[in-house]
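Each chain, letter by letter, is given below.
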Amino acid sequence: MKRTTPFYIFLIMLLASSGIALAKGVYKRYPVKSGIIYYDINISGKSDGFTTRTKGIARLVFDNWGAKELKEEDATEVQTGDYNETHDRHTMNMTDNGTIYTVDFDEGTIYKTRDRSLDLAIAEGEDRSNESIELLKEMKGRKIGKDTVAGFPCDVWKVKDQTVCLYKGIPLRITIENPGFRSERRAVQVVLNQPVPESEFRLPDLPITVDEDYTSNPAATTRIEDYIASIHDLRAEMKKIGIDPNQENITLTPEQEREVINTLGERYLKKQKRLLPKLMVALKAAKECIAKAENSDNARQCIEPVNRIDEELGDKTENFDFSRFDDQKRQQILQSLDQEIKYLKVTNDCVQKHDKTTDVILCTEGNLGSDERNLQTMKAHKTESFPK
């Protein structure tokens, strides 16, 4: 693992999102506060002597303008022809304020992870309620008429082989047609702007597998907080140097880009100056401790001081596998720690020597070798515009 890489990724993510206008208000995925929509699913196809028909139901449930959202489909596909087969398909996904739950009914588990971009959008109160229409326009879609679905008026959009009927950006009917294939999801019951019972968001009683980078990890929480704070710093700095951060298609000069990078990295650099020396001490102590550890529990305790500092920095912690701890695994962990100490020494030397993020990047790039490509990625931003 390389201590420098998270820093580069941190800045690149901020550069990619720093031009987003900070919305005033609450996050909106939909133009109405809440909704429960049931759809009929009808799909048919013919190919090479086979006929398939899929029937089922789907539901879309959302509250708090879509910050909490559940999508479920339960359908059966029947194939007839040279041989007959029947497949049941059941899917369910829920988003709860940035936390993503994906139900795998076949495996009998629920996967829990985090959407970082959604975290940022919710924190900044972005209005994404018009995304469906904007996406259709980007795909060269055109409005071809009006219709009524489940008692609600909707605008009919045509794009390639799809026809979509939208009520205020909410899809009430989606039809895909091409030779030998037709698919339709059509709303049959729509309830909007009414209280949504919590039971509508209930997930099945299955074990939950948590992604290692889930935001309940304190380091990940720190990263999100730093992202948001740094973007606010950037917007203030852009105004200071005479750039309107709300303006579309902002192109920065090389000098302005350096100011952007230095502003985005300022908070993290201050943390590094304070914490990297402590981290170096903790890593060396962990290496000595693991070399003498008698079992997996002892070895796991050795790395805890390192993880605590990583959490304060907002760096992703290394998840060493301490199960079935033996001499071979001990050596693998010690080799990884050796590499970590090597890269950390270079990074810390550069951090303590320089007060500007751009100087730290150039310093670590020069000392760690050409395999670090992140600086080139940043330089590429000189010719790019900041998206709104």
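A brief look at the structure comes next. Residue indices begin from 1 for each chain and proceed along its sequence in written order. Reporting of local features is limited, given that this is a predicted model, to residues whose pLDDT is at least 70; pairs of side-chain atoms are given and counted only at 80 or more, and all residues count toward the totals for whole chains, interfaces and linings. The side-chain numbers reported here are obtained from all heavy atoms of the structure, hydrogens and water having been left aside.

1. Brief notes about the overall build of the chain
Each helix is a run of H or I in the DSSP string that is no shorter than four residues. Each strand is a run of E no shorter than two, and both are numbered from the N terminus. Counting its secondary structure elements, the chain contains 9 helices and 14 strands. By the convention used here, residues are in contact when the closest approach between their heavy atoms is within 4.5 Å. Across the chain, every contact between residues at least 6 apart in sequence was considered, and the portion connecting residues at least 24 apart equals 63%. Areas reported as accessible are Shrake-Rupley estimates using a 1.4 Å probe. Residue values count occlusion only from the protein chains shown. When the accessible surface of the chain is summed, it comes to about 20,400 Å², and 48% of that surface belongs to carbon and sulfur atoms.

2. Structural notes on the nonpolar core
Core analysis: the largest hydrophobic core is formed by 29 residues, its most contacted members being Leu279, Ile290 and Phe322. Sorting the residues of this core by element identifies helix 5 (254-292), helix 6 (296-313), helix 7 (327-353) and helix 8 (357-368) as the ones contributing at least two each. The element best represented in this core is helix 5, accounting for 10 residues. Those residues within four positions of Ile290 in sequence are excluded, and the remaining contacts are Ala299, Cys302, Phe322, Phe325, Arg330, Ile333, Leu334 and Leu337. Residues belong to one nonpolar core when they are buried, are Ala, Val, Leu, Ile, Met, Phe, Trp, Tyr or Cys, and are joined through side-chain atoms within 4.5 Å. Only protein chains enter the area calculation, which uses a 1.4 Å probe; residues under 20% of their type maximum are buried, those over 50% are exposed, and those in between are partly exposed. Listed in part, the 20 residues of the second largest apolar core include Val32, Ile43, Ala58 and Phe152.

3. Observations regarding the pattern of salt bridges
Whenever a carboxyl oxygen of Asp or Glu lies within 4 Å of a side-chain nitrogen of Lys or Arg, that contact is scored as a salt bridge. Under the criterion given, the structure shown has 19 salt bridges. Across the salt bridge formed by Lys68 and Glu198, the nearest N and O atoms sit 2.5 Å from each other. In this pair, Lys68 is assigned in strand 3 (residues 68-80) and Glu198 in the loop between strand 11 (181-192) and strand 12 (208-210), connecting sequence segments 130 residues apart. Under the relative-accessibility criterion, Lys68 is labelled buried at 13%. The salt bridge partner of Asp355 is Lys273, with a shortest N-O separation of 3.3 Å. Of this pair, Asp355 sits in the loop between helix 7 and helix 8 while Lys273 sits in helix 5; the two residues are 82 residues apart in sequence, bridging distant segments of the chain. What emerges from the salt-bridge pattern is a single network uniting Arg59, Glu72 and Glu200.

4. Section: unusual backbone geometry
Positive phi is not limited to glycine here, since Asn97 has a value of about 50 degrees. On the secondary structure map, Asn97 appears in the loop between strand 4 (85-96) and strand 5 (99-104). The phi angle at Lys168 is positive, at roughly 55 degrees, despite the residue not being glycine. Looking at where Lys168 falls in the secondary structure, it is placed in the loop between strand 9 (162-167) and strand 10 (170-178).

5. Looking at the state of the cysteines
Here, a disulfide means two cysteine sulfur atoms that sit within 2.5 Å of each other. Enumeration according to the criterion identifies 3 disulfides in this entry. A disulfide bridge connects Cys289 with Cys302, and the sulfur atoms are separated by 1.9 Å. Around the S-S axis, the bridge from Cys289 to Cys302 shows a dihedral of about -60 degrees and counts as left-handed. Placement of the pair is Cys289 in helix 5 and Cys302 in helix 6, with a sequence separation of 13 residues. The residue that forms a disulfide with Cys350 is Cys363, at a sulfur-sulfur distance of 2.0 Å.

6. As for the sheet that holds strand 5
What makes two strands pair is DSSP finding at least two bridges between them. Pairing within the open sheet is mixed, and its 12 strands lie in the order 7-8-9-10-11-1-2-3-4-5-6-12. At either end of the open sheet lies a strand with only one pairing partner, and these are strand 7 (142-149) and strand 12. Here the average twist between neighbouring strands, direction ignored, is 20 degrees. Across 6 bridges, the pairing between strand 4 and strand 5 is antiparallel. Its bridge partner being in strand 5, Asp96 is matched across the sheet by Thr99. Comment: axis = line fitted to C-alpha atoms, over the contacting stretch for helices; angle = value between 0 and 180 degrees taken between N-to-C directions. Along the sheet face, helix 3 (residues 131-138) touches strand 8 (152-159) and strand 9 and points at about 25 degrees away from the line of strand 8.

7. Considering the packing of helix 5 against helix 7
Each pair of packed helices can be summarised by the angle the axes make with each other and by the distance between the axes. Where helix 5 meets helix 7, the axes come as close as 9 Å, and the angle between the chain directions of the two elements is 155 degrees. By the angle class used here, helix 5 and helix 7 are roughly antiparallel. Viewed along their axes, helix 5 and helix 7 form a crossing whose handedness is left-handed. Polarity classes work like this: nonpolar for Ala, Val, Leu, Ile, Met, Phe, Trp, Tyr, Cys and Pro, charged for Asp, Glu, Lys and Arg, and polar for all others, with Gly in that last group. Here the contact of helix 5 with helix 7 is composed, by residue class, of 15 nonpolar, 4 polar and 8 charged. Oblique is the label for every angle not falling under 35 degrees (roughly parallel), over 145 degrees (roughly antiparallel), or within 65 to 115 degrees (roughly perpendicular). By definition, turning the near helix anticlockwise from the far helix through less than a right angle yields a left-handed crossing, and turning it clockwise yields a right-handed one.

In short, the description is geometric, and any link to function would need to be established separately.
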